[in-house]
Amino acid sequence: MSDATSALNGAAYHGYVEVQEAGLRGMITLRGDLASVDIKNVATGLGGVDFPAQGHCNWVEDRGIAWMSPDEVLVMVPHSEVPAALETARNVLSGQHHLAVDVSDARAVFVLRGAGLREVLAKLAPVDMSPEAFPAGHFRRTRLAQVPAAFWLGEDDSAQVICFRSVAQYVFDILSHAARPGGEVGLYR
Amino acid sequence: MLILTCPCCGVTGEETEFHAGGQAHLQRSGPGASDEAFEAYLFARENPRGVHFERWRHANGCGKWFHAARCTLTLEVFGTYSAQTTQPPQEVLDAIAKRRPGWTEGGK
Ligand SMILES: [Zn+2]
């Protein structure tokens, strides 16, 4: 059996912000009526965190839930647990209108670390990245330069960025370019 | 710059996060309609200098369609509202009336 490999196999760039591809991450798109108790239970049971409010992501270690739209959340689990997680979702939600699908290998995830990460994201996304406008825990789907992406900030000068796997190299390149030493702008200090 | 607030996910973003979908509240001319009526449904569009109702999609975002009422001249947005309606809601019409006294829907 072949080994699963993430899009860029953990590529890293050491700029004034660290850019690292996160490697394998299990990601399940769960769609349905988000007010449904069963949908919520499946998401929180697998994601291991509270169900997120609109526009938020709850995340602890390698599990979490991101609010994607009024009828969609992204449930994140360790990559090896995805088949069992899907089985659980299908069992609990059988007979209900829903979608639970493995998108782990259709996405790439990047972790940014460093005090300047807000401005690195602000160089690429049309989003107000000031701490007041975008506190830790907010989740934003938007674009990075020319491709769709989503991100959220942790409490610890870290951020996670999700994009389509097909544009992983592009996103790595633009993040790295934005984080190049000498490119500091000094925003949000 | 045009700034829209998506009524589906609550995000306020600038126009490159969205995709324009043309004039809102078109009524399809159904089977039995005259050729003229069907042609008008397919091709005839308002192009006002001022208040306009449009469809937009939050393409780089939640992906949902919604409606927006805005001024084509100033890019002022009077309101955004659900796609699941055939008419602008009263609060959007009120907001337009407040900002553009004398404006009437369909009036020139
Ligand atoms: Zn939206």
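Just so we're clear, the structure is a prediction, and the values are computed from it rather than from any experiment. Here the residue numbering is sequential within each chain, running from 1 through the sequence in written order. To label them, take the chains in the order written and letter them from A, then take the ligands in the order written and number them from 1. The predicted nature of this model means local features are confined to residues of pLDDT at least 70 and side-chain atom pairs, given and counted, to a pLDDT of 80 or more, with totals for whole chains, interfaces and linings taken over all residues. As a convention, hydrogens and water are excluded, and side-chain values are obtained from all of the structure's heavy atoms.

### Details of the pairing of strand 4 (residues 57–60) of chain A
Residues and elements named next belong to chain A.
Here is step 1: Bridging between strand 4 and strand 5 (residues 63–69) involves four bridges; their strand directions are antiparallel. From the neighbouring strand, Cys 57 faces strand 5, where its bridge partner is Ala 66.
Here is step 2: In this structure, the hairpin formed by strand 4 and strand 5 is closed by a connection of two residues, where Glu 61 is found at a positive phi of approximately 55°. Here the rule is simple: two strands pair whenever DSSP picks up at least two bridges between them. Only DSSP runs of H or I with at least four residues qualify as helices, and only runs of E with at least two residues qualify as strands; both kinds are numbered from the N terminus onward.

### A few points about the domain arrangement of chain A
Residues and elements named next belong to chain A.
Here is step 1: Domain annotation of chain A identifies domain 1 (12–23 + 106–178) and domain 2 (26–105).
Here is step 2: Segmentation of the chain into domains, including their bounds, is taken from an automatic or database domain assignment. Computed over C-alpha atoms only, the centres of domain 1 and domain 2 are separated by 22 Å.
Here is step 3: Opposite the 11 residues of domain 1 that make contact, domain 2 presents 16 residues.
Here is step 4: The term buried area refers to how much accessible surface (probe radius 1.4 Å) is lost by two components on association, counted for both of them together. Broken down residue by residue, the surface that domain 1 buries against domain 2 is led by Arg 107, Phe 139 and Arg 141, which jointly contribute 44%.
Here is step 5: A carboxyl oxygen of Asp or Glu within 4 Å of a side-chain nitrogen of Lys or Arg is what we treat as a salt bridge. One can count zero salt bridges joining domain 1 with domain 2.
Here is step 6: Residue polarity is assigned by list, with Asp, Glu, Lys and Arg as charged and Ala, Val, Leu, Ile, Met, Phe, Trp, Tyr, Cys and Pro as nonpolar; anything else, Gly included, falls into the polar class. Per-class residue counts for the side of domain 1 that touches domain 2 are five nonpolar, three polar and three charged. It only takes one pair of heavy atoms within 4.5 Å for two residues to be counted as in contact.

### Concerning unusual backbone geometry
Here is step 1: Unusually for a residue other than glycine, Asp157(A) sits at a positive phi of about 55°.
Here is step 2: Take Asp157(A): it is sitting in the loop between strand 10 (147–153) and strand 11 (158–164).
Here is step 3: Even without being a glycine, Leu75(B) presents a positive backbone phi close to 65°.
Here is step 4: Here Leu75(B) lies in the loop between strand 5 (65–71) and strand 6 (77–82).
Here is step 5: What makes Leu75(B) partly exposed here is its relative accessible area of 30%. The buried label goes to any residue with under 20% of its type's maximum accessible area, the exposed label to any with over 50%, and the partly exposed label to all in between, with areas taken from a 1.4 Å probe on protein chains only.

### Some thoughts on the side chain of Ser158(A)
Here is step 1: Note that Ser158(A) resides in strand 11.
Here is step 2: As used in this structure description, the phrase polar contact means that two N or O atoms lie within 3.5 Å; if the pair is within protein, one of them must be able to donate a hydrogen and the other to accept it, and residues adjacent in sequence are counted only when both atoms belong to side chains. Side-chain polar atoms of Ser158(A) contact the side chain of Asp156(A), separated by 2.7 Å.

### Here we look at the packing of helix 3 (residues 117–124) of chain A against helix 4 (residues 168–178) of chain A
Residue and element names in this part refer to chain A.
Here is step 1: With their axes 9 Å apart at the nearest point, helix 3 and helix 4 run at an angle of 120° to one another. Taken as axis vectors, helix 3 and helix 4 run oblique relative to one another. Handedness of the crossing formed by helix 3 with helix 4: right-handed. Here Val 120, Leu 121, Lys 123 and Leu 124 of helix 3 come into contact with helix 4, specifically with Ile 174, Leu 175 and Ala 178.
Here is step 2: Of the residues belonging to the contact of helix 3 with helix 4, the class tally is six nonpolar, no polar and one charged. Between the N-to-C directions of two axes lies an angle of 0 to 180 degrees, each axis being a line fitted to C-alpha atoms and, for a helix, fitted only over the stretch in contact. For classification, angles of less than 35 degrees are called roughly parallel, those exceeding 145 degrees roughly antiparallel, those between 65 and 115 degrees roughly perpendicular, and all remaining angles oblique. Crossings are assigned a handedness: left-handed for a near helix turned anticlockwise from the far helix by less than a right angle, right-handed for a clockwise turn.

### Describing the coordination of the zinc ion
Residue and element names in this part refer to chain B.
Here is step 1: Taken together, Cys 6 (SG), Cys 9 (SG), His 58 (ND1) and Cys 62 (SG) make up the full set of protein donors to the zinc ion, lying 2.0 to 2.4 Å away.
Here is step 2: Keep in mind that water is not among the atoms, so a site may look incomplete; donors are the N, O and S atoms within 2.8 Å of the metal, or 3.2 Å for Na, K and Ca. For four-coordinate sites, all angles between 85 and 135 degrees define a tetrahedron; for four- and six-coordinate sites, opposite donors beyond 155 degrees with the remaining angles between 65 and 115 define square planar and octahedral shapes respectively, and all other cases count as irregular. Angles of 99 to 116° at the metal separate the four donor atoms of the zinc ion, which places the site in the tetrahedral class.
Here is step 3: All donor residues of the zinc ion come from one chain, and their arrangement in sequence is C-x2-C-x48-H-x3-C. In this pair, Cys 9 sits in the loop between strand 1 (3–5) and strand 2 (12–14) while His 58 sits in the loop between strand 4 (51–57) and strand 5, placing the two residues 49 residues apart along the sequence. For the pair formed by Cys 9 and His 58, the shared burial category is buried.

### Focus: the confidence of the model for chain B
Here is step 1: On a scale of 0 to 100, pLDDT captures the predictor's confidence in every residue. In the predicted model, chain B carries a mean pLDDT of 94, and the fraction of residues at 70 or more is 97%.
Here is step 2: Both confidence scores are given for the complex: pTM 0.93, ipTM 0.92.

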